[in-house]
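# Notes for the structure review
Single-letter residue listing:
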Amino acid sequence: MTATDISRRGFLAGIGSIAVAFSLGPVAVRPREAHAAAQAQDGLRIDETGDTGSLSWLVLTPSGLTIHSGKVELGTGTQTALTQIVVEEMHLDAGHVGYVQGDTEVTPDQGVTAGSKTVQNGGPQLRQAAATAYQALLGLAAQYFHVSKDQLVADNGVFRLEGTDRQVTYDHLVAQAAVVLTADPKAPTASPADYAVVGRPMARADLPDKLTARFRYVHDVTVPGMLHGRVVRPSGRNARFVSIDPDSMARAKAIPGFVSVVQRGNFVGVVGRTEWAAVQAADADTGIQVDWADGEPLVPQDSLPQALRDPSNQYASVEMVNVGDVDQALASAAATREASYFTPFQMHGAMGASCGVADVRAAPDAAGVQATVWSGTQDVYALRGAIAHLLGLSTDSVRVVYEEAAGCYGHNGADDSCADAALMSQAVGRPVRVQWRRQDEHGWEPLGPAMAHDLRGGVTAGKVVAWEHVLCSPTHGSRPNDNPGTLLAGALTGSLPATLPTDPDDSAGRNAPVTYAFPNNHLTGKLVRSFETTGTTSGVPAAPLRYRFLRSTALRSLGGLSNTFANESFLDELAAAGGVDPLELRLRSLDDPRAKAVVEALADTWAARPKGGNGTGAGLAYQRYETQFAYAAAYVEVQVDMGTGAVRVPRVVVAHDCGLVINPDGLRNQIEGNVVQGVSRALIEEVLFDARGVTSVVWEQSDFHPTPQYPVIRFDAVPRIETVLIDRPDQPAWGAGEPTIGVIPAAIGNAVFAATGVRIRTLPMTPDRVLKALESG
């Protein structure tokens, strides 16, 4: 039924709720899930259509409105922004709105919360649901007053009859209603000109509890009868389990609170009644000693740029752009340049190590659930599929509940820690909590992959006439799916990792195509094989598995940061070769008015930039995210210590156009976060590894942890950040979680060139690397 199909019988049924179920896009769910949602609220009915049923995303009762969102709050302000969208359409105050998120038994499957797609994709769906609900309420109010809808005005949950003092509250209408609706894609939505909530700052809904230590993270989840688990990691990425020393096993069993050792393939875990018991049992000095056989070594770190370019390590070459004739244009260009760029493996760097809780039972409960997992995952449905296959259960029998974890952008150890817990819970028949250590997170989380770039270009009469880019990259797309090998525990128990992609377009190739109107333009993506197998089963690759490179996955902007670093740095090289101002060259090369507006927004700042040289300089960079969404341009000032090579970034200005701005304060938060992480990744972040695996497993070296470190930016290195927001209320709202980070490293590199005359083509721009470049001229 739609909003216009409310019967008087339904209005008078007296059950007291309005539920809006979605049928917009791929959000279908099973009838059992619909039933579970119905049971969550007295009087809630789900209108099952077709073979699968549908699930309510908005539920309005006399006690208030509840949003059911498949997109989850990762610490980015998602809950607040989506709430603003809903209450705008429903003419409500946001203060009494509930938010249920990321639960495979209650919320719809909106896919992964990633890629700057929450407001962009999830927002319009919730807006349409809210508009449908509002039209239903409007219809109820019209029936209540026996008038037409156009005689009513709504404000903060109250309908008023124009020209009178008569009014009725939403609560009163809902208390007499039992209405279930499917979101109507044609339901009228509020005009941007009338927005009272969207486009204005709103305080973050999640921050008060976080700032007062009342917030419950996944680390705080407890379950009756819960045990604690720790994993004993292999001695290297390609190591194989041999045995557990019998004497050490006896020693572990004597630890107070020891429960069990769980071993499947190369997965070895210990379970204890307390976390301390598990810690002791997993320690080779106090607990079990595991004998591992070293496997094949990883590609050496110092040969990584060459290894990525080595055709024997590549499995596909894809022509992504082919316009004009680059070779011919280069032959006739007034000035030409060639350059190679490289970015290393980098971590997500979450401040808190991952944690997961799982309760796997011997048989399903009355609702059909046999395994429940509490996780900080970005995609509860995908994790559910991976966990189900890992445990040998049906997908229907696994429930995944989102609990916020330490913030990160991308696929870190959140899913893997849950898989650890699930394996051990299944083995011991009790709920198990697994808390990773810092060394687990740094040493075993999937990483943002290293990338290599080779570019050629030519410029004539102040315009780019030729452009060629060849990128080489391992996969950025190994998030959990129905393949249990996408989980670390699955790979250790013998399942193969995710199938390698055959098209780099939206992962390694993100923002590799430029949106400049170059007449001759060629782009090739070469895909690097992260792992190999030594045999096949029925034509499918089979174990044993050998990693050539470190396990890689999605890190904030995927290939976008590396590609834009190469693209925008090389464009500045062409500007220098052609004697053209970098800002002017970008404007000449753009034909999109919105793109030009973003670059022009920095024109005054650029004109007033410090004179380059003597260690002080400024640089620019621009991109359109994924070549079709938000626009971002950055101006960066740097100070380079010519004696030590240390680079400091005192000031960053970002111009940003993501269409309709939902919450300007939240948008600035996102831009600022992009800048901070972008500076960190540009200047100091690099995973160090040897033949066995990652060696940079702590934040900072100390006597207690003499291992190599993986530093991240400190507060005293955070620059002053200024933002220029270009609001376009008549345009769709695009996401802002990733667009800005892509332009920061290139802008820093361009500023370093302006300050020193030296071009740094490898990240991070550490003091040693910069000093060597200065010394070599």
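Rules behind the numbers
- Residues numbered from 1 in each chain as written.
- Predicted model: local features only at pLDDT ≥ 70, side-chain atom pairs only at ≥ 80, totals over all residues.
- Heavy atoms only, no water.
- Buried < 20%, exposed > 50% of the residue type's maximum accessible area, 1.4 Å probe, protein only.
- Helix = DSSP H or I, 4+ residues; strand = E, 2+ residues; numbered from the N terminus.
- Pairing = 2+ DSSP bridges.
- Expected span 1.5 Å × (residues − 1).
- Polar contact = N/O pair within 3.5 Å; in protein donor to acceptor, adjacent residues only side chain to side chain.
- pLDDT = per-residue confidence, 0-100.
- Contact = heavy atoms within 4.5 Å.
- Phe/Tyr/Trp six-rings, centres within 6.5 Å; stacked < 30°, edge-to-face > 60°.
- Lys NZ or Arg CZ within 6 Å of the ring centre and 35° of its normal.
- Domains from an automatic or database assignment.
- Buried area = accessible area lost by both parts, 1.4 Å probe.

## Things to note about the pairing of strand β16 (residues 355-360)
Most of β16 sits out of view: six of its six residues are buried. By the alternation rule, side chains of β16 split into Cys 355, Val 357 and Asp 359 and Gly 356, Ala 358 and Val 360, which are all buried. The sheet contact formed by β16 and strand β19 (residues 432-435) spans four bridges and is antiparallel. When the sheet's bridge partners are listed, Cys 355 is paired in β19 with Gln 435.

## Thoughts on helix α12 (residues 414-428)
If you check α12, its first and last C-alpha atoms are 22 Å apart, about what 15 residues at 1.5 Å a residue would give, namely 21 Å. Judged by how many residues are buried, α12 sits mostly within the fold: 12 of 15 residues are covered. All buried positions along α12 are accounted for by Ala 414, Asp 415, Asp 416, Ser 417, Cys 418, Ala 419, Asp 420, Ala 421, Ala 422, Leu 423, Met 424 and Ser 425.

## A look at the pairing of strand β21 (residues 463-473)
For a regular strand, side chains alternate in direction, first toward one face of the sheet and then toward the other. The element β21 is extensively covered by neighbouring structure, given that 10 of its 11 residues are classed as buried. As defined by bridge partners, strand β20 (residues 451-460) adjoins β21 across nine bridges and the pair is classed as antiparallel. Bridging from a neighbouring strand, Val 459 pairs with Val 464 of β21. From the end of β20 to the start of β21, which pair antiparallel, there are two residues, and Ala 461 there has a positive phi angle of about 55°. Two strands pair when backbone bridges link them, and β21 and strand β22 (residues 521-528) are joined in this way by seven bridges, in the parallel orientation. Considered in β22, the bridge of Val 470 is made with Thr 524.

## Observations concerning the side chain of Arg 230
You can see Arg 230 is positioned in strand β9 (residues 227-231). A relative accessible area of 12% places Arg 230 in the buried class. Engagement of the side chain of Arg 230 in a polar contact is seen with the side chain of Glu 275, the distance being 3.1 Å.

## Structural notes on the confidence of the model for the protein chain
On average, residues of the protein chain score 90 in pLDDT, and 92% of them reach the 70 mark or higher. Residue range residues 24-53 is modelled with pLDDT below 50. Its contacts to residues more than four positions away, or to other chains, number 66 contacts. Predicted confidence is poor over residues 536-542, with pLDDT under 50, and the contacts of this stretch with residues over four places away or in other chains come to 11 contacts.

## Observations concerning the packing of aromatic side chains
Within this structure, the stated rule accounts for 15 aromatic pairs. Members of the aromatic cluster, each reached through a chain of ring pairs, are Trp 467, Tyr 516, Phe 518, Phe 570 and Tyr 622. For Lys 210, the ring lying beneath its charged end belongs to Phe 215, and the centroid distance is 4.9 Å. For the cation-ring pair, Arg 233 lies above Trp 444, with the distance from its terminal atom to the ring centre recorded as 6.0 Å.

## Section: the domain arrangement of the protein chain
Domain annotation for the protein chain reports domain 1 (23-214), domain 2 (219-295 + 349-443), domain 3 (300-342 + 447-569) and domain 4 (581-776). On a C-alpha basis, the centroid separation for the pair domain 2 and domain 3 is 33 Å. Opposite the 26 residues of domain 2 that make contact, domain 3 presents 24 residues. Between domain 2 and domain 3 the total buried area reaches about 2,100 Å² when both faces are included, carbon and sulfur atoms providing 59% of it.

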